[in-house]
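Here is how the chains run, residue by residue.
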Amino acid sequence: MSETRSDGELLRAAADGDRRAFEELYRRYAPWLTARLRSRCADGGVVDDVVQETFLAIWRGKARYREDGDVAGWLWRVGSRRLIDALRGDGARGRVRQALARLRHRDEASAEERVLAGVEHGDLAGALVRLSPELRAVLQATVIDGLTTREAAVLLGIPPGTVKTRAMRARKQLREALT
């Protein structure tokens, strides 16, 4: 009977070249990471590439776990940063247009499509553009991605208190811009 290794043990062993540990880590987390990244990107091909790149970075030692926090949060941070890098060239408006184009075959616009169109063309789009990148990142993580304050803190590499403060500042600035 084999002993189940902790996530931290698997990461350390995979970093040392243990193929079985790497495969176990991949089986445990690739489906979860794929699902999380798909909530940020509708392009399944891009998401699949990012998941592969994330695990290759672990295998090749380019992404090192420093044993400060939980493994899932660390994997999410590595994967989401790779997704941001993959999407950076396209721009937010291009991604929204692509998402809307894929939805156009429906007879009636979905609630999501109407909201995205409002974000892209409405007053909210202008208000969001005027927010600092730090405030937009917190809104992306907490509102759009639905992360908890703690998860957003891990993803963004900032303390949870800073996430809360930035979220309050962002909401205040948006309220002022939209009223």
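Quick caveat: nothing in here was measured; it's all calculated off a predicted structure.

Q: Tell me about the overall build of the protein, and name the residues and values.
A: Regarding its fold elements, the protein presents ten helices and zero strands. Starting at the N terminus and walking to the C terminus, you meet the elements of the protein as α-α-α-α-α-α-α-α-α-α. Counting the 179 residues in the protein, one finds 35% classified as buried. Restricting to contacts in the protein with at least 6 residues of sequence separation, those with at least 24 account for 55%. Working note: accessible area of the protein is about 11,100 Å², and carbon and sulfur atoms make up 50% of it.

Q: Which residues make up the packing of aromatic side chains, and what are the values?
A: For the structure shown, the criterion picks out four aromatic pairs. Relative to Phe55, the ring of Phe22 lies with its centre 6.3 Å away and its plane at 75°, an arrangement referred to as edge-to-face. Residue Phe22 is found in helix H2 (residues 19–38), and its partner Phe55 is found in helix H3 (residues 44–59); the two are separated by 33 residues along the sequence. The exposure class of Phe22 is buried, given its relative accessible area of 15%. Arranged with centres 4.9 Å apart and planes meeting at 70°, the rings of Tyr26 and Phe55 form a pair that is edge-to-face. With a gap of 29 residues between them, Tyr26 in helix H2 and Phe55 in helix H3 connect regions that are remote in the sequence. The structure contains a cluster of three or more aromatic residues connected by ring pairs, namely Phe22, Tyr26, Phe55 and Trp59. Here Arg36 stacks its cationic end above the ring of Trp76, 4.5 Å away from the centre of that ring.

Q: Tell me about the packing of H2 against H3, and name the residues and values.
A: One can describe the packing of H2 onto H3 by two numbers: an axis separation of 10 Å at closest approach and a directional angle of 145°. As for how H2 packs across H3, the hand of that crossing is right-handed. Residues Arg19, Phe22, Leu25, Tyr26, Tyr29, Ala30, Leu33, Thr34, Leu37 and Arg38 of H2 lie in contact with H3, whose contacting residues are Gly44, Val47, Asp48, Val50, Val51, Gln52, Thr54, Phe55, Ile58 and Trp59.

Q: Explain helix H10 (residues 160–178) to me, using residue names and the numbers behind them.
A: With 19 residues, H10 should cover 27 Å at 1.5 Å per step; its first-to-last C-alpha distance of 27 Å lies within 8% of that length. When H10 is considered as a whole, its buried residues turn out to be Val163, Ala167, Ala170 and Leu174. One face of H10 carries all of its buried residues, which in axial projection span an arc of 65°. Of the exposed residues in H10, the ones pointing more than 90 degrees away from its buried face are Lys164, Met168, Arg175 and Glu176.

Q: I'd like a rundown of the nonpolar core, residues and numbers included.
A: Most often, soluble globular proteins keep nonpolar side chains buried together rather than apart. Of all hydrophobic cores here, the largest spans 34 residues; its most connected members are Leu25, Tyr29, Leu37, Val51, Phe55, Ile58 and Leu75. The dominant element in this core, judged by the number of residues it contributes, is helix H4 (residues 71–87), at eight residues. Beyond its immediate chain neighbours, meaning those up to four positions away, Val51 contacts Ala30, Leu33, Thr34 and Leu37. One finds Ala127, Leu131, Leu139 and Ala170 within the second-largest nonpolar core, a separate group that totals six residues.

Q: Tell me about the packing of helix H1 (residues 7–15) against H2, and please be specific about residues and values.
A: Contact geometry for H1 and H2: axes closest at 8 Å, N-to-C directions at 135°. Accordingly, the angle class assigned to the pair H1 and H2 is oblique. In this structure, H1 meets H2 at a crossing whose hand is left-handed. The segment H1 lies against H2, with Asp7, Leu10, Leu11, Ala13 and Ala14 engaging Ala21, Phe22, Glu24, Leu25, Arg28 and Tyr29. Residue composition of the contact of H1 with H2, grouped by class: eight nonpolar, no polar and three charged.

Reading guide: rules and limits
Residues numbered from 1 in each chain as written. Predicted model: local features only at pLDDT ≥ 70, side-chain atom pairs only at ≥ 80, totals over all residues. Heavy atoms only, no water. Helix = DSSP H or I, 4+ residues; strand = E, 2+ residues; numbered from the N terminus. Buried < 20%, exposed > 50% of the residue type's maximum accessible area, 1.4 Å probe, protein only. Contact = heavy atoms within 4.5 Å. Areas by Shrake-Rupley, 256 points an atom, 1.4 Å probe, with all protein chains shown as cover. Phe/Tyr/Trp six-rings, centres within 6.5 Å; stacked < 30°, edge-to-face > 60°. Lys NZ or Arg CZ within 6 Å of the ring centre and 35° of its normal. Axes fitted to C-alpha atoms, helices over the stretch in contact; angles between N-to-C directions. Left-handed = near helix turned anticlockwise from the far one by under 90°. Expected span 1.5 Å × (residues − 1). Arc of directions from axis to C-beta. Core = buried A, V, L, I, M, F, W, Y, C linked by side-chain atoms within 4.5 Å. Parallel < 35°, antiparallel > 145°, perpendicular 65-115°, else oblique. Nonpolar A, V, L, I, M, F, W, Y, C, P; charged D, E, K, R; others polar.

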